[in-house]
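Structural overview for review
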Amino acid sequence: MALRTAAAAAPCGLRRFFSTSIPAFNFPPSAAAAAQQREKAEPSTNLFVSGLSKRTTTEKLQEAFSQFGEVLHARVVTDRVSGYSKGFGFVRYATLEEAAKGIEGMDGKFLDGWVIFAEYARPRQPPGPPENNMASPYYRQ
DNA sequence: GCTGAGCGA
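Residues numbered from 1 in each chain as written. Chains lettered and ligands numbered in written order. Predicted model: local features only at pLDDT ≥ 70, side-chain atom pairs only at ≥ 80, totals over all residues. Heavy atoms only, no water.

The name given to chain A in an unreviewed UniProt entry is RRM domain-containing protein, with the source organism recorded as Juglans regia.

Pasting the structure below:
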């Protein structure tokens, strides 16, 4: 019968409709935090630069990134006791546009013989209870 | 700081 076959075909489309209407995609709040650790951070004026030569200094870093925008602050992270570079650093631009240009211009480029990687820096430590003195990172820069 | 992934005193 033509009517019976038409009625039997209908549920197929309905089933598909309901399966795509189920609101089962509520990502837990921790998903954003987990993504922050692996995926690229969201745009910021702050850049994380890795792959630096141990001989690369803050001056060289700021000098190299200044070609693409106004570098407000640059820092090669060094070990406090040894004083040697840890091989990565941070660059802060004045604007998001300059930060984007800085990444485009410096990511994958050579600096002091090493291929460096520039990307948006992750937001720093979550605001916690105030420390005893001015040695707290929140009192810096 | 030669040994090279990473997110900062």
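Structure shown, so let's carry the discussion forward.
Let us look at the side chain of serine 44. Secondary-structure assignment places serine 44 in the loop between helix H2 (30-38) and strand E1 (46-50). Residue serine 44 is classed as buried on the basis of its relative accessible area, which comes to 18%. Residues within four places of serine 44 in sequence aside, it is in contact with Leu96, Ala99 and Tyr120. (Helix = DSSP H or I, 4+ residues; strand = E, 2+ residues; numbered from the N terminus. Buried < 20%, exposed > 50% of the residue type's maximum accessible area, 1.4 Å probe, protein only. Contact = heavy atoms within 4.5 Å.)

For the coordinates displayed, the defined rule picks out three aromatic pairs. For the ring pair phenylalanine 48 and phenylalanine 90, a centre distance of 5.4 Å and an interplane angle of 50 degrees mean the geometry is tilted. With phenylalanine 48 in strand E1 and phenylalanine 90 in strand E3 (residues 85-93), the pair connects residues that are 42 residues apart, well separated along the chain. With a centroid separation of 6.2 Å and an interplanar angle of 80 degrees, the aromatic rings of phenylalanine 88 and phenylalanine 90 are classed as edge-to-face. Owing to a relative accessible area of 29%, phenylalanine 90 belongs among the partly exposed residues under this scheme. (Phe/Tyr/Trp six-rings, centres within 6.5 Å; stacked < 30°, edge-to-face > 60°.)

Before going further, it helps to spend a moment on the pairing of strand E2 (residues 71-78). Looking at chain direction, E2 and E3 are connected through six bridges and run antiparallel. From the neighbouring strand, alanine 74 faces E3, where its bridge partner is valine 91. Taking the residues between adjacent antiparallel strands as the criterion, E2 and E3 are bridged by six residues, where glycine 83 takes a positive phi near 80 degrees. (Pairing = 2+ DSSP bridges.)

Take the nonpolar core next. A general trend in soluble globular proteins is that nonpolar side chains are found buried together. Counting 19 residues, the largest nonpolar core has Leu47, Leu61, Phe65 and Val91 as its most contacted members. Looking at this core, the elements that each hand over two or more residues are E1, helix H3 (58-65), E2, E3, helix H4 (96-106) and strand E6 (117-120). Filtering out sequence-adjacent residues up to four positions away, leucine 61 remains in contact with Val49, Leu52, Thr56, Ala74, Arg75, Val76, Gly89, Phe90, Val91 and Leu111. (Core = buried A, V, L, I, M, F, W, Y, C linked by side-chain atoms within 4.5 Å.)

On to the protein's contact with DNA strand B, then. Near DNA strand B, the surroundings consist of 25 residues, among which Asn46, Leu52, Tyr84, Lys86 and Trp114 are the closest. Among the atoms of DNA strand B close to the protein, meaning within 4 Å, 26% are from sugar or phosphate groups. For DNA strand B, a base nitrogen lies 2.6 Å from a polar atom in the backbone of leucine 52. In the model, a phosphate oxygen of DNA strand B is placed 2.9 Å from a nitrogen or oxygen of the arginine 122 side chain. If you list the elements that add at least two residues to the surface near DNA strand B, you get E1, E2, E3 and E6. (Near = heavy atom within 4 Å. Polar contact = N/O pair within 3.5 Å; in protein donor to acceptor, adjacent residues only side chain to side chain.)

This next bit is on unusual backbone geometry. Phi angles above zero are rare outside glycine, and aspartate 112 is one such case at about 55 degrees. Summarising the element assignment, aspartate 112 is placed in the loop between strand E4 (110-111) and strand E5 (114-115). Since its relative accessible area comes to 26%, aspartate 112 is described here as partly exposed.

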